[in-house]
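Next come the chains, spelled out residue by residue.
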Amino acid sequence: MMTVSFVWILAALSLQAGTSYGRPSRTRRDEPDPIFAVPAEVGGKTYINKGLVGFGLIPSNFTDSTGDTLGGIGSAIAIKPGSFTKNSNGTFTGTIIAQPDRGFNVDGTIDWQGRQQIIDFVLTPYYGTDNLDFSDGLKTLQLNYRETLLYTERNGSKTTGLDALAVRPATAMDPPLPEAPSNDHMSLDAEGLVVNADGSFWTSDEYGPYIYLFNVQGDLVQAIEPPQAIVPFIDGQLNFTSDTDPDTGRAGNQGFEGLTISADGSTLFALLQSATIQDGGDDKTTSRYTRLVAFDISSPLAAKPPLIGEWVVPLPQTKKGKTLASSELHLISENIFLALSRDGDGHGGDDSKSSYKQADLVDITDATDIHNTKFDDPSNPIAVNGDLDSSINPANYVSFVSFIDSVQLARFGVHNGDPVDQTLIDAKWESLALAPVGDSDYPDDYFLFTAADNDFITTQGISLGQPYNAGLDNDNQMMVYRVTLPGATVPGVTV
Ligand SMILES: *[C@@H]1O[C@H](CO)[C@@H](O)[C@H](O)[C@H]1NC(C)=O
Ligand SMILES: *[C@@H]1O[C@H](CO)[C@@H](O)[C@H](O)[C@H]1NC(C)=O
Ligand SMILES: *[C@@H]1O[C@H](CO)[C@@H](O)[C@H](O)[C@H]1NC(C)=O
Ligand SMILES: *[C@@H]1O[C@H](CO)[C@@H](O)[C@H](O)[C@H]1NC(C)=O
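How each quantity is defined
Residues numbered from 1 in each chain as written. Chains lettered and ligands numbered in written order. Predicted model: local features only at pLDDT ≥ 70, side-chain atom pairs only at ≥ 80, totals over all residues. Heavy atoms only, no water. Phe/Tyr/Trp six-rings, centres within 6.5 Å; stacked < 30°, edge-to-face > 60°. Lys NZ or Arg CZ within 6 Å of the ring centre and 35° of its normal. Salt bridge = Lys/Arg side-chain N within 4 Å of Asp/Glu carboxyl O. Helix = DSSP H or I, 4+ residues; strand = E, 2+ residues; numbered from the N terminus. Buried < 20%, exposed > 50% of the residue type's maximum accessible area, 1.4 Å probe, protein only. Near = heavy atom within 4 Å. Polar contact = N/O pair within 3.5 Å; in protein donor to acceptor, adjacent residues only side chain to side chain. Areas by Shrake-Rupley, 256 points an atom, 1.4 Å probe, with all protein chains shown as cover. Nonpolar A, V, L, I, M, F, W, Y, C, P; charged D, E, K, R; others polar. Pairing = 2+ DSSP bridges. Axes fitted to C-alpha atoms, helices over the stretch in contact; angles between N-to-C directions. Contact = heavy atoms within 4.5 Å. Lys, Arg positive; Asp, Glu negative; His and termini not counted. pLDDT = per-residue confidence, 0-100.

## What to know about the packing of aromatic side chains
Then, in step 1: In this structure the tally under the stated criterion is 20 aromatic pairs.
Then, in step 2: Among the aromatic residues, ring-to-ring pairing joins Tyr151, Phe201, Tyr210, Tyr212, Phe214 and Phe240 into one connected group.
Then, in step 3: Sitting over the face of the ring of Trp112, Arg115 holds its NZ or CZ atom 3.9 Å from the ring centroid.

And the structure:
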């Protein structure tokens, strides 16, 4: 009895001490140190990056249930609706659904079936200022692979990662689809992912660039074709190859990297990785003005979900004026998004030292809606030589969470730049997911999950049953930041 009331009094005292300053006590160990806070202002509201709280990985040589190397999980991630739980011991558990792109394709595209990797996690947020050893840091985000879901077409045929050198003619159900001529299977280079409450899911891709709805079994249900300004044309013909740039439309391998849904489930938003060819996408110095499109999916199986909005997003640039293309998009609240823009440097990248990898804020409140205007026609570019048409007001793009902050990385034993070893941060972060912290003192606080696409780079790989050695072990890294997002809504993920 004595012990219980003594503890209770201590707890009450510490609560008082906290509230007397109008804020919770600084002695609490379940919140980030305020010295880490990095604010950003958008639309009169303050967003706060509170720092890195979790780091985990799946080893580069891990294999999935089909026997293939598990890789590329960072192309897109989603937290399985209903899985996220705050536990009484201070940990958070849940299930991440991760979607790789098109398999080990460093030496050319392969006949690899699209899939989801289902991964359980235990997040034990680390809020301390001391630098953990890398191995201790990995305990903050434990990842346990559970199973794989494979993707098929309407008739049960496997999707393929092979280059889409053929076009399957439109049918009553589908627009013209990207297809591999060697086996007539639908070509898919999956990048964006939205998982619905019933387990069905939307996937955006780079070939079309299209948006596909699959049912909970992974069977294709619907294909959405973007406007004529975005689909790729070569010599006046639709041509979905990723091997060469088209004459107009999305550049090769610069498709719909970002996909996100409105809180009420009625609208899908997709972001092109960088400018279309006619808008300057053939050169990194002119490719910054990319397009964000919105489709009304309130009647998802209706013949053709209508395009209801299109805006221009000005991507960040390097000091030398090269575009930092965007690999993911996540809606926070009406008109406000997170976008993940980055260079290709880091572990598995061109250079060990990265200069930019960020989850930034994008606000389209005052941006010009260009859908149903002359810019739908590829012969009317939105930008020429990197200069945006003066009739267009682009979105407001604001710097927010840096994934390469050396102080934050060092707290988990991770670094940017040489030496090239297991503790070097991965190059290609391409995914975002949010889950509420469930802290009543900070109701707008969320965990921001991000995962890297390691391109299946391992010295002990297996692809389509054949062993391979990509010359480097590049683990599948994952990070969790804590952020304050005023007014955010995260459908399907509650504590
Ligand atoms: C991955 O590599 C580690 C270290 O070499 C080894 O212990 C482990 O058995 C390997 N796992 C697989 C699935 O090959
Ligand atoms: C905390 O609880 C969760 C859920 O029961 C469990 O998965 C996790 O292992 C526990 N962690 C510790 C450190 O006890
Ligand atoms: C499924 O349909 C596509 C398109 O008609 C065709 O190319 C493919 O061979 C079919 N697959 C099966 C298993 O019937
Ligand atoms: C698409 O373009 C590629 C490269 O120019 C060519 O090999 C292929 O045959 C074209 N496909 C179609 C359907 O025209």
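Still more ground to cover, so stick around.
## Things to note about the pattern of salt bridges
Then, in step 1: Counted under the stated rule, the structure contains 17 salt bridges.
Then, in step 2: Of the charged contacts in the structure, one is a salt bridge between Asp445 and Lys50, with a shortest N-O distance of 2.8 Å. Residue Asp445 is found in strand β27 (residues 445-451), and its partner Lys50 is found in strand β2 (residues 45-58); the two are separated by 395 residues along the sequence. The pair formed by Asp445 and Lys50 is uniform in burial state, with each residue classed as buried.
Then, in step 3: Two residues, Asp279 and Arg291, come together in a salt bridge whose shortest N-O distance is 2.8 Å. Here Arg291 lies in strand β18 (residues 289-296) and Asp279 lies in helix α3 (residues 277-281), a separation of 12 residues in the sequence.
Then, in step 4: Judged by its relative accessible area of 0%, Arg291 is buried.

## Quick notes on the site of ligand 2
Then, in step 1: Neighbouring residues of ligand 2: Asn87, Asn89, Thr91 and Thr93.
Then, in step 2: Take Asn89: an N or O atom from its side chain is 2.4 Å from an oxygen atom of ligand 2.
Then, in step 3: Surface burial for ligand 2 is 38%, taken as the share of its 360 Å² of free accessible area covered by protein chains.
Then, in step 4: Partitioning the shell around ligand 2 into residue classes produces no nonpolar, four polar and no charged.

## So, the sheet that holds strand β30 (residues 476-484)
Then, in step 1: Within the open sheet, the five strands sit side by side as β1-β2-β30-β27-β26. Their pairing is antiparallel. Because the sheet does not close on itself, it has two edges, and the strands there are β1 (38-42) and β26 (433-436). In this sheet, neighbouring strand axes are inclined to one another by 30° on average, regardless of whether the strands run parallel or antiparallel.
Then, in step 2: The pairing of β26 with β27 spans four bridges and is antiparallel. What sits directly across from Leu434, in β27, is Leu448.

## Overview of the pairing of β1
Then, in step 1: Across five bridges, the pairing between β1 and β2 is antiparallel. Each bridged residue has a counterpart across the sheet, and for Pro39 the counterpart in β2 is Ile48.
Then, in step 2: Count of turn residues in the β1/β2 antiparallel hairpin: two residues, of which Gly43 carries a positive phi of about 55°.

## With respect to the environment of Thr241
Then, in step 1: Within the secondary structure layout, Thr241 lies in the loop between β15 (237-238) and β16 (256-261).
Then, in step 2: As for Thr241 and Leu165, which are separated by 76 residues in sequence, their C-alpha atoms are 5.1 Å apart.
Then, in step 3: Excluding residues within four positions of it along the chain, Thr241 makes contact with Asp163, Ala164, Leu165, Ile234 and Arg250.
Then, in step 4: For Thr241, the side chain forms a polar contact with the main-chain nitrogen of Asp243, separated by 3.1 Å.

## Things to note about the environment of Asp279
Then, in step 1: When its relative accessible area of 0% is taken as the criterion, Asp279 is described as buried.
Then, in step 2: When the C-alpha atoms of Asp279 and Thr290 are compared, they prove to be 7.9 Å apart, with 11 residues separating the residues in sequence.
Then, in step 3: If we ignore the near neighbours within four places in the chain, the residues touching Asp279 are Thr286, Tyr289, Arg291, Pro381, Ile382 and Ala383.
Then, in step 4: Looking at Asp279, its side chain comes within polar contact range of the side chain of Thr276, at 2.8 Å.

## Things to note about the sheet that holds strand β22 (residues 357-363)
Then, in step 1: Strand order in this open sheet of four strands is β20-β21-β22-β25, and the pairing throughout is antiparallel. Both outer strands of the open sheet, β20 (326-333) and β25 (396-402), are each paired with one neighbouring strand and no more. Across the sheet, the mean angle separating the axes of adjacent strands is 30° when strand polarity is ignored.

## Here we look at the pairing of β16
Then, in step 1: For β16, the buried fraction is high: six of the six residues fall into the buried class.
Then, in step 2: As defined by bridge partners, β16 adjoins strand β17 (residues 267-272) across five bridges and the pair is classed as antiparallel. Each bridged residue has a counterpart across the sheet, and for Phe256 the counterpart in β17 is Leu272.

## Looking at the side chain of Glu191
Then, in step 1: Structurally, Glu191 is set in strand β10 (residues 190-195).
Then, in step 2: Buried and unpaired, Glu191 has no salt bridge, with Arg102 as the nearest side chain of opposite charge at 6.8 Å.
Then, in step 3: The contacts of Glu191, once residues within four sequence positions are left out, are Ser75, Ala76, Gln99, Asp101, Ser204, Asp205, Glu206, Phe256, Glu257, Glu328 and Glu430.

## Here's the deal with the confidence of the model for the protein chain
Then, in step 1: For the protein chain, mean pLDDT is 93; residues scoring 70 or higher make up 94% of the total.
Then, in step 2: Note that pLDDT drops below 50 for residues 1-27; the model gives that stretch 10 contacts with residues more than four away or on any other chain.

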